[in-house]
Amino acid sequence: MAGVYPLAKSLDSLGPLCRTVQDAGWIDAGMRGAAAPSIVARPLKGLDIVIPDNVVFDGAEAGVVASFETAVDWLAAEGASISRIKIPAFNELLALMAQYGALVTAEAFALHRERLAGPQAADMDHRVVMRIRLGEKTTLANYLAILDKRERLIGDVERLVGDSFVAFPSVAHVAPPIAPLEADDDLFFATNGKTLRNTLLGNFLDWCGVSIPCGTGDADMPVGLLLSALGKRDEALLSAALSVEEVIRG
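Residues numbered from 1 in each chain as written. Predicted model: local features only at pLDDT ≥ 70, side-chain atom pairs only at ≥ 80, totals over all residues. Heavy atoms only, no water.

J.: Would you mind going over helix α4 (residues 103-117) with me for this structure?
T.: Side chains of residues three or four places apart in an α-helix project in the same direction, reflecting 3.6 residues per turn. Taking 1.5 Å per residue, 15 residues should reach 21 Å; α4 reaches 20 Å between its end C-alpha atoms and fits that length. For α4, the principal kink sits at Leu111 and spans about 60°. Inspection of α4 places Leu103, Thr105, Ala106, Glu107, Ala108, Phe109, His112 and Leu116 among the buried residues, and these make up the whole buried set. Looking at the packing, one finds that the buried side of α4 touches α5 (126-133), α6 (140-161) and α8 (185-204). (Helix = DSSP H or I, 4+ residues; strand = E, 2+ residues; numbered from the N terminus. Expected span 1.5 Å × (residues − 1). Bend = angle between axes of the 7 residues up to and from the residue. Buried < 20%, exposed > 50% of the residue type's maximum accessible area, 1.4 Å probe, protein only. Contact = heavy atoms within 4.5 Å.)

J.: Looking at this structure, how should I read helix α1 (residues 21-31)?
T.: Taken together, the buried positions of α1 are occupied by Val21, Ala24, Gly25, Asp28 and Ala29. Viewed end-on, α1 has its buried residues packed into an arc of 140°, placing them on one side of the element. Contacts from the buried residues of α1 go to β4 (208-216) and α9 (234-248). Where α1 ends, the next residue or the one after it, Gly33, has phi of about 80°, a positive value. (Arc of directions from axis to C-beta.)

J.: In this structure, what is going on with the pairing of strand β1 (residues 48-52)? I would like to understand it.
T.: Along any regular strand, the residues point their side chains to alternate faces of the sheet. Taken across its five residues, β1 has four buried, putting it largely inside the fold. Pairing between β1 and strand β2 (residues 81-85): five bridges, direction parallel. Within β2, the residue paired with Ile51 across the bridge is Arg84. Crossover β1 to β2 through helix α2 (residues 62-77) is right-handed. (Pairing = 2+ DSSP bridges. Right-handed = clockwise from strand over helix to strand, strands pointing away.)

J.: Could you clarify how one ought to interpret unusual backbone geometry in this entry?
T.: Working note: non-glycine residues mostly have negative phi, and peptide bonds are mostly trans. In the Ramachandran plot, Asp206 falls in the positive-phi region, its phi being about 65° despite a non-glycine side chain. Residue classification places Asp206 among the partly exposed residues on the basis of a relative accessible area of 38%. Phi at Ala219 is positive, roughly 55°, even though this residue is not glycine. Checked against the element boundaries, Ala219 lands in the loop between β4 and β5 (222-229).

Laid out in structure tokens, this is it:
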């Protein structure tokens, strides 16, 4: 994390934007000081993929769901084992945020409170300032409660998911038009929350993930399939993603 502008100590992580999974493997190796990646494509036959049926599809656009499900069908045809389950931790962590506030805003406020109180705030996007200042409302007791409950939820999901991979749409909608968001802060915050929702689940639960293009939705805009694994399974995930990418990107 050296040289990275911080946001939230518990949640910050580095992930590259690449054209291919193989490129992500090279960058991952470089960040870990390895001379070359050790990942190799693993057979799709028998690859265990679970798809959550709670939270991640709430309010999802029809085109996003259609592209995702087509990709899942292709993976199943190649021998991947697909199952659909409920992950209670998803609902619990959203309820946790509603009760105590978001961990990201609490830590972001602690990191940047001096900037927000000084002249630098005027040079920041006012919506970013508004969001970070929400963290001021999080008490120390609530912050510690979030960390404690986060640890429990991570353990709950580890016992439920194990070595399986998890797949769902990276974002519930395709990229929206910008002009309406610039003109309406309420619309911006609502859209931003929905944009971040699916990926924040894995971030909060300490997962690793690879988003792979899997088709298009409304306005012919791209849709991503997010393939995730539990924490510290980056190499296994990248190896699986190599094979998944070959199928769903055609």
